[in-house]
Amino acid sequence: MATVLKPRKSRAATLADVGREAGVSAMAASAVLNSAKTSTRISDDTRARVLAAAEQLRYRPNATARGLAHRRMNTLGVAATLVGDEPNQYFLEVFNGIVRGAAEAGQTTTVFTLGSWDDARERIPAFCDGRIDGLVMLAPLLPSDAADWLPEHTPMVSVHANDAIAGVVNLESDEEAGAFEMVSRLIQRGHRRILHVAGPEGALGAERRVHGYRRAHAAAGFLPPPDHVLRAGFGAEDARRALEAWLRRHRGDELPEVVFAVSDAAALGCIDALLARGLRVPADLSVTGFDDSVLARAARLATVRQPLRDLGRRAVEVLVERIDARSREATPRRTKNIVLPTELVHGATLAAPRAHSLLIA
């Protein structure tokens with residue numbers, strides 16, 4: 001005899017369905033399935049029937065409803081901009097740390113993307129509509145008065161914020177110190193013509209790296225060559241185009257001994273531009289980056305390591321503390337910004353200064 005298959009239900013089973021199947025009320029079914037500890041008023045027989053009915057109907061608790069009931073969704077939001085076609089290695093590294101930290105804390109994560117931080121005033125309050133318990137803002141470009149319109153009911157932290165925001169703990173690395181240490185190391189190795197392919201003006205991280213570059217020269221007792229801070233972007237394509245244009249402008253001049261790039265992506269873009277001209281890295285000139293991303297490690301790039309994954313993990317730690325404090329109506333334990341140290345990474349793209357003069361063709 002052929003087996004008759006029941007048609008698949010078009011909707012998920014509800015507590016009312018479970019209660020009906022078990023012969024009890026929806027309230028009794030909820031007491032069994034949604035409580036941390038079953039009420040003593042529920043008999044063992046009723047509990048067994050409810051659990052059997054739930055398994056038969058493949059009942060799954062409604063996470064949103066449970067979250068509203070307990071005033072906790074156990075979900076953290078991440079707000080970031082993803083601009084252009086290039087994979088954002090910085091974002092991926094920090095997000096990896098966020099996901100790991102969230103998993104350790106028993107939290108899930110939801111990513112909210114912005115076309116631009118100019119959209120934040122309208123979009124961020126919409127993100128904080130009860131779906132999340134707190135928000136991590138990744139490299140936000142927000143004015144210092146953003147606290148006037150950021151939702152007060154949702155705890156927030158930021159990673160590498162461009163400006164301090166009242167009530168938002170910011171986590172960052174010591175970027176200026178990292179640039180200072182890298183350029184100082186280059187100078188100690190005998191390099192004198194160090195071209196800094198910098199980030200855009202106004203970006204705090206880019207400005208800090210420029211300051212570190214200049215401070216290292218001042219500490220060594222000499223100024224960098226004229227026109228050796230080249231403004232570009234953090235991405236590979238922006239840096240490649242900027243370096244190509246700079247080399248055209250300086251045709252006939254002495255080739256720099258090192259390119260110190262604002263990011264690993266920018267460094268790899270510069271390497272592409274140099275190789276396209278038939279130049280060898282590092283035999284003809286060295287290239288260093290900033291971040292220590294996955295691509296940098298694959299390319300064995302000399303770089304400045306930012307603790308990006310640790311920044312993401314620590315951001316979750318601080319955010320969960322602030323969420324817990326809010327639920328207890330207590331003062332958060334950590335209210336000051338957190339700065340983590342950087343570290344130099346030796347790689348295959350850094351060598352001693354070349355022994356011969358080399359002009360830009």
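Note that the structure is a prediction, hence the values are computed from the model and not measured.

Q: How would you sum up the overall build of the chain? Please name residues and give values.
A: The number of helices and strands found in the chain is twelve helices and twelve strands. Expected size for 361 residues packed as a compact globule is a radius of gyration near 21 Å; at 28 Å, the chain overshoots this value by more than 25%. Overall, the chain is about 90 × 60 × 35 Å in size when its C-alpha atoms are taken along their principal axes. Counting over 361 residues, the chain shows a buried share of 47%. Of the contacts formed within the chain by residues at least 6 apart in sequence, a portion of 70% connects residues at least 24 apart. Element-wise, carbon and sulfur atoms account for 51% of the exposed surface of the chain, whose accessible area totals about 18700 Å².

Q: Give a detailed account of helix α8 (residues 204–220), specifying residues and quantitative values.
A: For α8, spanning 17 residues, the distance from its first C-alpha to its last is 24 Å, which sits close to the expected 24 Å at 1.5 Å a residue. Listed as buried for α8 are Gly 205, Ala 206, Glu 207, Arg 209, Val 210, Gly 212, Tyr 213, Ala 216 and His 217. Contacts from the buried residues of α8 go to α7 (175–188), β6 (194–198), β7 (229–231) and β8 (258–261). Just downstream of α8, Gly 221 is the residue with a positive phi angle, here 90 degrees.

Q: Account for the sheet that holds β7, with residues named and values stated.
A: The strand order across the open sheet built from four strands is β7-β6-β8-β9, with neighbouring strands paired in parallel fashion. Two strands lie at the open edges of the sheet, namely β7 and β9 (286–288), each paired on one side alone. With direction set aside, neighbouring strand axes in the sheet form an average angle of 20 degrees. Direction of pairing for β6 relative to β7: parallel, over a ladder of three bridges.

Q: Break down helix α10 (residues 264–276) for me, with residues and values.
A: Compared with the 18 Å implied by 1.5 Å per residue over 13 residues, the 18 Å span of α10 between its first and last C-alpha is a close match. Listed as buried for α10 are Asp 264, Ala 266, Ala 267, Gly 269, Cys 270, Ile 271, Ala 273 and Leu 274. One or two steps after α10, the chain reaches Gly 278, where phi turns positive at roughly 85 degrees.

Q: Before we move on, could you go through the pattern of salt bridges and cite the residues and values that matter?
A: The final tally for this structure, using the stated rule, is 22 salt bridges. Salt-bridge contacts for Arg 354 lead to Glu 254; the nearest nitrogen and oxygen are separated by 3.1 Å. One end of the pair, Arg 354, is in the segment after β12 (343–345); the other, Glu 254, is in the loop between α9 (236–249) and β8, and 100 residues separate them in sequence. Since its relative accessible area comes to 23%, Glu 254 is described here as partly exposed. A salt bridge links Asp 310 to Arg 313; the nearest nitrogen and oxygen atoms lie 2.6 Å apart. Residue Asp 310 and its partner Arg 313 are located together in helix α12 (residues 308–327), separated by three residues, close to a single helical turn. The class of Arg 313 is partly exposed, set by a relative accessible area of 29%. Sharing partners across several salt bridges, the network here consists of Glu 93, Asp 292, Arg 297, Arg 305, Arg 309 and Glu 343.

The rules behind these values
- Residues numbered from 1 in each chain as written.
- Predicted model: local features only at pLDDT ≥ 70, side-chain atom pairs only at ≥ 80, totals over all residues.
- Heavy atoms only, no water.
- Helix = DSSP H or I, 4+ residues; strand = E, 2+ residues; numbered from the N terminus.
- Rg over C-alpha atoms; globule rule 2.2 N^0.38 Å.
- Buried < 20%, exposed > 50% of the residue type's maximum accessible area, 1.4 Å probe, protein only.
- Contact = heavy atoms within 4.5 Å.
- Areas by Shrake-Rupley, 256 points an atom, 1.4 Å probe, with all protein chains shown as cover.
- Expected span 1.5 Å × (residues − 1).
- Pairing = 2+ DSSP bridges.
- Axes fitted to C-alpha atoms, helices over the stretch in contact; angles between N-to-C directions.
- Salt bridge = Lys/Arg side-chain N within 4 Å of Asp/Glu carboxyl O.

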